[in-house]
Amino acid sequence: MNKTLNQKAWFFVLPVVALVAFNAVIPLMTVVNFSVQETFGDNVFFWAGVRWFEEVLRSERFHAALLRQLLYTGIILAIEIPLGLAIALAMPRRGPWVSVCLVFMALPLLIPWNVVGSMWNILALPDIGLLGRSLNAIGLEYNYTRQPFAAWFTMVLMDVWHWTSLVVLLCYAGLRSIPDAFYQAAKVDGARAWAVFRYIQLPKLRYVLTIAILLRLMDSFMIYTEVIVLTGGGPGNATTFLSIDLQKIALGQFDLGPAGAMSIIYFLIILFLSWMFYTLMMRNEDRS
Amino acid sequence: MKRPGWLIPTAYIVFLMLPIYWLLNMSFKSTNEILGSFTLWPREFTFDNYVEILTNPVWYSGYLNSLSYVVINTVLSVVVALPAAYAFSRYRFLGDKHLFFWLLTNRMAPPAVFALPFLQLYSAVGLFDTHIGVALAHTLFNVPLAVWILEGFMSGVPKELDETAYVDGYSFPRFFTRIFLPTIAAGIGVAAFFCFMFSWVELLLAKTLTSVEAKPIVATMTRTASASGYELGLLAAAGMLTIIPGAFVIYFVRNYIAKGFALGRV
Amino acid sequence: MARITLQDLRHSYAPDPKTEADWAIKRLSLDWDDGGAYALLGPSGCGKTTLLNVISGLIRPTEGRIFFDGRDVTDATPEQRNIAQVFQFPVIYDTMTVYDNLAFPLRNRGVAEAEVDRTVREIAQMLDLDRMLKKRAAGLTADGKQKISLGRGLVRSDVVVIMLDEPLTVIDPHLKWTLRSKLKELHYRVARTMIYVTHDQTEALTFADQVVVMKEGTVMQIGTPVDLFERPKHVFVGHFIGSPGMNVLPCRVENGQALLAGAPVATVNAAAYRGNGKRLELGVRPEFVRFAPTGIPVDLVKVADAGRFRIVEMRHAEGTIRLLVPDGAAIPGSRGHVQFDPTRTQVYEDGWLVG
């Protein structure tokens, strides 16, 4: 759409800018302030320059948390995106049951995150949880509070349970917007199911898939509540992701300097990854 | 494609419902039964857990607190986002693209980063432990989202609609409220749905910014869990009750889900 | 290539059709010869697209059979029927090049790559697409995309019939004409049966050897463009085809003689009238009405200039009469008389041609 030039439009965006600035700029400044100063309590601060940044970037603890975070995000993206896409493709295109399906599928998205944690906590308990008890009954030794692998398994399963529906709903909406003529033409052209997917559905889903991956990428980097409730970051530090590590430093040890520096690095990592992914997708778009 | 087509969504829904069923199962059991045995359905069916939550003010006030700030946040986010989204969808102005991008970056801001500064900021301006305080804090991620969703829907409305209305003698406010808003009603519904959703499910900021007066149900749950030990039945019942508002909201937007989730952009 | 036969075809979208209005296609039988150019013409919602989809196999008819060369294909899929279809909005595979788009139907059928290449190049040349074979199909204009859709039908040697569903809807007006003559040319060159669905009479009449005019699921007339123009079987056809449409005036018939407002009018078919219709009408096209010193008295209402001729609208006791006057010819003052061409004036009974 060709938009008209109108500087008065600023008045329309002013409330939003004021609100978000209040919420984003002031706290961000506070964080920046922490990150370049040192304090020994009593609200006395000393200039520390980039020392905290160097410290955080060099610390093995941060590296480990970042690595865990990247691994976790990679795993859940690799499961949720194809799975969500597959379920959306398998859904019937119309019919009375479709909206019933969608309502059930959307349900996990609206459950408070700590309840999701509690729910999986209860489900996975080795003695009285359905999942834990079943796994142990078939001879697998499973205890997510002691075994790092079991903790990861539970975390990933929980995330898949919680968020795959978002991918399904986005993809389903995208699929619904493909006109029938495309499917009819493909039928007439003798295209098999795979060719229909590869040359019609996938290209048309490009935009919603970009959104889905972007949202899951960002949100999985921010995961906090579910982990705290389910594993508390343990066993040991096995599920201590970036946000959990940050809270341990900031609220647990009250090391405001390193916490501030880490916050900024953490934020920049998310921004960088999102930007990189976005430009990658959009550059391909331009070429077509 | 006919029969296996139903199989996959059905299997998926069963997988989704299992943990919820288990929670429901637990919520109707007595503490004795929970700790004493492993049962697939409650043998000693009891409403005690629900009675406790609905009669004890510590529990139900948390519930009301949550609903209050979520509703305030949803209304606030959508109302301020509407004119902004209109501006982004209709006009070019100095710095519009940068502004839009900056707004979206706030959606990427991890609440964990902002928890501590928020505590200081909201204490300083006297909004600590108030409903409006939590609602304001949640606008950090909901306003950018609402602007983005609404902008998508508004861009789908041809500009000729605006022009026709002006030619017909409508003033801007009258056009905006009488013609434009009803046209993008679906978009407003979807934006409100997302705002409700993200405000309702968030715990970290809500917990950090409250202590007694505005303490949300989710915070009550975590504190009760740690304070009084292993009251799983109570926890499960409280959890079940937090699912209900979400289920309600989904029911109302069920007709928009299929199209609305494409956010007006496909 | 095949002869297409539709036998007692009926179709309803309702699962349990009760009233006449539930049928999207009411009972219909027709025979189409191999290699012909046919058009389905009618206003929106007349069932022409439904009929097209029934022939192509995208819809299974509620009742009746479809035969291709005597072979019953009612239950065959579109693929088994060997048809090709061009849709209203260009359907192309965005991510592929023009070449790959054209090759797609062949590759799906496992045709050898050398053969694919030869056919694609041949068809691309026919469609004037040969210089953009390496381009991404998504980057083409609407008419280019529509040519690709058509080309995907033409590349297949086994195609029995090519269906075109309002293919010019999204094409710019000045390109419509070129693409239309291209279609006609292609029909001569490939000699395939083509079925063209449209609501535009010009498109239908210029393209087809035979036109099927439909209204509310019923076939009103099947005939050559000349038939439709000179001998409309129903007043609807007379009205729908021609610009302006046929004049239709209430009349009576006594002893094999048509009477318009009491005055006798010479017609082709009044003698064949057997006297059982409820509503009788006289139909004559504006092209066959002319001014005369005596005859049917009329009052002049208005004159509209349509370029090479003028359309004169007149009031008569029984209704409005329009006639065409060539540029330059004189038009009488506010009152005058007109005469109808006796060989082109027909009587209709309850809408249908008498006899």
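**Looking at the side chain of Asn65 of chain B**
Residues and elements named next belong to chain B.
- Positionally, Asn65 belongs in helix H4 (residues 57-90).
- What makes Asn65 buried here is its relative accessible area of 7%.
- In this structure the side chain of Asn65 is engaged in a polar contact, spanning 2.9 Å, whose partner is the backbone oxygen of Lys215.
- Not counting residues within four places of it along the chain, the set of residues in contact with Asn65 comprises His131, Val212, Glu213, Ala214, Lys215 and Pro216.

**Considering the sheet that holds strand S16 (residues 289-292) of chain C**
Residue and element names in this part refer to chain C.
- Taking strand neighbours across the sheet as the criterion, the 5 strands line up as S16-S20-S17-S18-S19 in an open arrangement whose pairing is antiparallel. Among the strands making up the open sheet, the edge pair consists of S16 and strand S19 (319-326). For this sheet, the mean inter-axis angle between neighbouring strands, taken without regard to orientation, is 50°.
- Across 6 bridges, the pairing between strand S17 (residues 296-305) and strand S18 (residues 309-316) is antiparallel. If you follow Val303 over to S18, its bridge partner there is Val312.

**Comments concerning helix H7 (residues 131-155) of chain B**
All names here are of chain B.
- Taking 1.5 Å as the rise per residue, H7 with 25 residues should run 36 Å; its terminal C-alpha atoms sit 34 Å apart, in good agreement.
- Where H7 bends most, the angle comes to about 50°, and this point is Leu140, followed within four residues by the proline Pro144.
- Burial analysis of H7 places 22 of its 25 residues in the buried class, the great majority of the element.

**Quick look at the interface of chain A and chain B**
- Each side of the interface is counted separately: chain A has 93 residues, and chain B has 95 residues.
- Both sides of the chain A and chain B interface together cover about 8600 Å² of buried area, and 80% of this is carbon and sulfur.
- It is Phe12, Leu110 and Ile128 of chain A that lose the most area in chain A upon contact with chain B, and together they represent 9% of the buried surface on that side.
- Summed over the shared surface of chain A and chain B, the number is 13 residue pairs in polar contact (both at pLDDT 80 or more).
- Top element by residues in the side of chain A that touches chain B is helix H1 (residues 9-35) of chain A. It accounts for 20 residues.
- Bridge count between strand S1 (residues 4-5) of chain A and strand S1 (residues 91-92) of chain B: 2 bridges; the pairing is parallel. Counterpart to Thr4 of chain A in the pairing with S1 of chain B is Tyr91 of chain B.

**Points about the interface of chain A and chain C**
- Taken together, the contact between chain A and chain C spans 19 residues of the former and 21 residues of the latter.
- Overall, the association of chain A and chain C removes approximately 1700 Å² of surface from exposure, summing both partners, and the carbon and sulfur fraction of that is 62%.
- Considering only the surface of chain A that becomes buried against chain C, Val188, Asp189 and Tyr199 of chain A emerge as the three largest contributors, covering 37% of it.
- Our count for the chain A to chain C interface comes out at 2 salt bridges.
- Viewed at the interface, chain C and chain A are joined by 7 residue pairs in polar contact (both at pLDDT 80 or more).
- Within the residue set of the side of chain A that touches chain C, elements represented by two or more residues are helix H8 (180-188) and helix H9 (193-221) of chain A.

**Regarding helix H4 (residues 96-106) of chain A**
All names here are of chain A.
- Every buried residue of H4 is listed here: Val98, Cys101, Leu102, Met105 and Ala106. Around the axis of H4, the buried residues are gathered within 125° of arc, so they sit on the same side. Away from its buried face by more than 90 degrees, H4 exposes Pro96 and Trp97.

**Looking at the confidence of the model for chain A**
- When pLDDT is averaged along chain A, the result is 84; 93% of the residues meet or exceed 70.
- Predicted confidence in chain A is weakest over strand S3 (residues 45-47) of chain A, with a mean pLDDT of 69, and strongest over helix H3 (residues 60-90) of chain A, with 92.

**Here's the deal with the environment of Gln346 of chain C**
Residues and elements named next belong to chain C.
- Position of Gln346 relative to the elements: it lies in strand S21 (residues 346-349).
- Along the chain, Gln346 and Leu140 lie 206 residues apart, while their C-alpha atoms are 50 Å from each other.
- Those residues within four positions of Gln346 in sequence are excluded, and the remaining contacts are Glu230, Arg231, Pro232, Val268, Asn269, Glu281, Leu282, Gly283 and Leu353.

**Structural notes on the sheet that holds strand S8 (residues 193-198) of chain C**
Residues and elements named next belong to chain C.
- Taken in spatial order, the 6 strands of this open sheet run S6-S7-S8-S3-S9-S10, and their pairing is mixed. Looking at which strands have only one partner, the edges of the open sheet turn out to be strand S6 (83-86) and strand S10 (218-223). For this sheet, the mean inter-axis angle between neighbouring strands, taken without regard to orientation, is 15°.
- For strand S9 (residues 210-215) and S10, the ladder comprises 5 bridges, and the chain directions are antiparallel. Paired with Val211 across the strands is Gly223, a residue of S10.
- Relative to the sheet, helix H1 (residues 48-56) contacts strand S3 (37-41), S6, strand S7 (161-165), S8 and S9, its axis offset from that of S8 by approximately 155°.
- On top of the sheet, helix H5 (residues 142-154) reaches S6 and S7; it is set at about 175° to S6, its chief contact.

**Remarks on the packing of H1 of chain A against helix H6 (residues 111-124) of chain B**
- Two numbers describe how H1 of chain A lies on H6 of chain B: the axes approach to 9 Å, and their chain directions differ by 105°. When the axes of H1 of chain A and H6 of chain B are compared, the pair comes out roughly perpendicular. Where H1 of chain A abuts H6 of chain B, its residues Phe22, Asn23, Ala24, Ile26, Pro27, Leu28, Thr30, Val31 and Phe34 of chain A lie against Val113, Phe114, Leu116, Pro117, Phe118, Gln120, Leu121 and Tyr122 of chain B.
- Of the residues assigned to the contact of H1 of chain A with H6 of chain B, the class counts are 14 nonpolar, 3 polar and no charged.

**Observations regarding the nonpolar core**
- In this structure, Met119 and Trp120 of chain A together with Ile20 and Val147 of chain B are the most contacted members of the largest nonpolar core, which totals 205 residues.
- For this core, the leading source of residues is helix H7 (residues 148-176) of chain A, giving 16 residues.
- Here Ile20 of chain B is in contact with Leu107, Ile111, Met119 and Trp161 of chain A together with Met240 and Ile243 of chain B, once residues within four sequence places are set aside.
- The next biggest cluster of nonpolar side chains, apart from the first, holds 46 residues, and it includes Tyr99, Val120, Ala137 and Ala208 of chain C.

**Description of the pattern of salt bridges**
Residues and elements named next belong to chain C.
- This model, assessed by the stated rule, comprises 32 salt bridges over all chains.
- For Glu63, the salt bridge identified is with Arg27, shortest N-O distance 3.8 Å. With a gap of 36 residues between them, Glu63 in strand S4 (residues 63-68) and Arg27 in strand S2 (residues 23-32) connect regions that are remote in the sequence.
- Residue Arg27 is classed as partly exposed on the basis of its relative accessible area of 49%.
- Taking the shortest distance from any N to any O, the salt bridge between Arg279 and Glu281 comes out at 3.1 Å.
- On the basis of relative accessibility, which here comes to 13%, the residue Glu281 falls in the buried class.
- Look at the salt bridges and you will find they share partners, linking Arg60, Arg65, Asp72 and Asp75 into a network.

Reading the values: rules and limits
Residues numbered from 1 in each chain as written. Chains lettered and ligands numbered in written order. Predicted model: local features only at pLDDT ≥ 70, side-chain atom pairs only at ≥ 80, totals over all residues. Heavy atoms only, no water. Helix = DSSP H or I, 4+ residues; strand = E, 2+ residues; numbered from the N terminus. Buried < 20%, exposed > 50% of the residue type's maximum accessible area, 1.4 Å probe, protein only. Polar contact = N/O pair within 3.5 Å; in protein donor to acceptor, adjacent residues only side chain to side chain. Contact = heavy atoms within 4.5 Å. Pairing = 2+ DSSP bridges. Axes fitted to C-alpha atoms, helices over the stretch in contact; angles between N-to-C directions. Expected span 1.5 Å × (residues − 1). Bend = angle between axes of the 7 residues up to and from the residue. Buried area = accessible area lost by both parts, 1.4 Å probe. Salt bridge = Lys/Arg side-chain N within 4 Å of Asp/Glu carboxyl O. Arc of directions from axis to C-beta. pLDDT = per-residue confidence, 0-100. Parallel < 35°, antiparallel > 145°, perpendicular 65-115°, else oblique. Nonpolar A, V, L, I, M, F, W, Y, C, P; charged D, E, K, R; others polar. Core = buried A, V, L, I, M, F, W, Y, C linked by side-chain atoms within 4.5 Å.

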